[in-house]
Amino acid sequence: SPIFSQHGLTLASSSNTERKEGRVLLVGSGPGHPSLLSLAAHAALTKHADLVLTDKLVPSAVLALIPPSIPVTIARKFPGNADRAQEELMQLALQGAREGKTVVRLKQGDPALYGRVGEEVLFLRKHGVRTLVIPGISSALAAPLVADIPVTQRGAADSLVVCTGVGRGGKKGSVPSYERGRTVVLLMGNARLASVVDTLLAEGRYPSYLPAAIVERASMPDQRVLT
């Protein structure tokens, strides 16, 4: 059977019926600075949203773009409550869409990179909700670049691995073995930095002389880079 793209980025509703049915836009907010939002993400926030459901760490500078008349709910995510907060937002998105609203589910970076977007899409489509994913610039690529570190460089690195410092249920994420020509980007690693370094150095897995950088609040005015 033919496969149709789910990613047409014409956000304006084409009919009154479509509007009445409601929809959910799963939007990537980029690495942090509002100027790095895509045009589609900016339009979703400023022109089309009837309700915004946002992750806790989306910067206030991005949220400030949302018109004051639009209600905004921020995820109540903290250690031990992440799954419950996620379920709450999915139920709010479903309720809003059933009320005929355009619900913007706002996520950091790119929503498909450790953003649980797949779970939300499957949940919403299971309930018959029209759902559209709007990609965002991932900090996995943007954070190194704004710190003057290209993730690939001829003669230095010809491949890239992205992994997480926080696994499912708060467990430690896994890091692949060292390869000379590969850049490893570790997301969400600050809180577990000491244990991550111990893991990398354990039994000589990674050489102690290997260049490394920590990029915090990438693209924002208070960005910090440690090398």
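Presented here is a report on the structure given in the accompanying data block. Small disclaimer: the values here were computed from a predicted structure and weren't measured. (Residues numbered from 1 in each chain as written. Predicted model: local features only at pLDDT ≥ 70, side-chain atom pairs only at ≥ 80, totals over all residues. Heavy atoms only, no water.)

1. A few points about the environment of Gly-32
1) Next: Along the chain, the position of Gly-32 falls in the loop between strand 1 (23-28) and helix 2 (39-48).
2) Next: Judged by relative accessible area, which is 0%, Gly-32 ranks as buried.
3) Next: Sequence separation between Gly-32 and Ala-142 is 110 residues; the distance between their C-alpha atoms is 9.8 Å.
4) Next: Gly-32 has contacts with Pro-59, Val-62, Ser-219 and Met-220, leaving out every residue within four places of it along the chain. (Helix = DSSP H or I, 4+ residues; strand = E, 2+ residues; numbered from the N terminus. Buried < 20%, exposed > 50% of the residue type's maximum accessible area, 1.4 Å probe, protein only. Contact = heavy atoms within 4.5 Å.)

2. Some details on the sheet that holds strand 3 (residues 72-74)
Strand pairing within a sheet occurs via backbone hydrogen bonds; the two strands may be parallel or antiparallel.
1) Next: Overall, parallel pairing links the five strands, which are arranged 3-2-4-1-5 in an open sheet. Two strands close off the open sheet at either side, each with one partner strand: strand 3 and strand 5 (130-134). Each strand axis lies, on average, 20° off the axis of its neighbour in the sheet, ignoring direction.
2) Next: The pairing of strand 2 (residues 51-54) with strand 4 (residues 102-107) spans four bridges and is classified as parallel. The partner of Leu-51 across the bridge, within strand 4, is Val-103.
3) Next: Those strands touched by helix 2 are strand 1, strand 2, strand 4 and strand 5, and its axis lies near 135° from that of strand 1.
4) Next: Across the sheet, helix 4 (residues 82-98) is in contact with strand 1, strand 2, strand 3 and strand 4; its angle to strand 4 comes to roughly 155°. (Pairing = 2+ DSSP bridges. Axes fitted to C-alpha atoms, helices over the stretch in contact; angles between N-to-C directions.)

3. A short note on helix 4
1) Next: Here helix 4 spans 25 Å end to end across 17 residues, near enough to the 24 Å set by a 1.5 Å rise per residue.
2) Next: Taken together, the buried positions of helix 4 are Ala-85, Gln-86, Leu-89, Met-90, Ala-93, Leu-94, Gly-96 and Ala-97.
3) Next: One or two steps after helix 4, the chain reaches Gly-100, where phi turns positive at roughly 85°. (Expected span 1.5 Å × (residues − 1).)

4. Considerations on the pattern of salt bridges
1) Next: The final tally for this structure, using the stated rule, is ten salt bridges.
2) Next: Note that Glu-88 and Arg-76 form a salt bridge whose closest N and O atoms lie 2.8 Å from each other. Residue Glu-88 is found in helix 4, and its partner Arg-76 is found in the loop between strand 3 and helix 4; the two are separated by twelve residues along the sequence.
3) Next: The exposure class assigned to Glu-88 is partly exposed, which follows from its relative accessible area of 29%.
4) Next: As a salt-bridge pair, Lys-101 and Glu-99 come within 3.1 Å of each other at their nearest N and O atoms.
5) Next: Where salt bridges share partners, they join Asp-55, Arg-105, Lys-107 and Glu-120 into one cluster. (Salt bridge = Lys/Arg side-chain N within 4 Å of Asp/Glu carboxyl O.)

5. As for a nonpolar patch on the surface
1) Next: Side chains of Leu-113, Tyr-114 and Met-188 sit close together on the surface and give an oily, nonpolar patch of about 270 Å² of accessible area.
2) Next: Following the sequence through the fold, Leu-113 ends up in the loop between strand 4 and helix 5 (117-126). (Patch = residues over 30% accessible without salt bridge, like charges linked within 9 Å, V, L, I, M, F, W, Y side chains within 5 Å. Areas by Shrake-Rupley, 256 points an atom, 1.4 Å probe, with all protein chains shown as cover.)

6. Focus: the nonpolar core
1) Next: Grouped together as the largest cluster of nonpolar side chains are 20 residues, with contacts concentrated most on Leu-11, Val-27, Leu-45, Val-52, Val-104, Leu-106 and Ile-134.
2) Next: When contributions to this core are tallied by element, the ones reaching two or more residues are strand 1, helix 2, helix 3 (60-63), strand 4 and strand 5.
3) Next: Filtering out sequence-adjacent residues up to four positions away, Val-27 remains in contact with Ala-41, Ala-44, Val-104, Arg-105, Leu-106, Lys-107, Pro-111 and Ile-134.
4) Next: Leu-51, Leu-89, Ala-93 and Val-129 belong to the second-largest nonpolar core, a separate cluster that totals 17 residues. (Core = buried A, V, L, I, M, F, W, Y, C linked by side-chain atoms within 4.5 Å.)

Geometric values such as these leave the question of function open.
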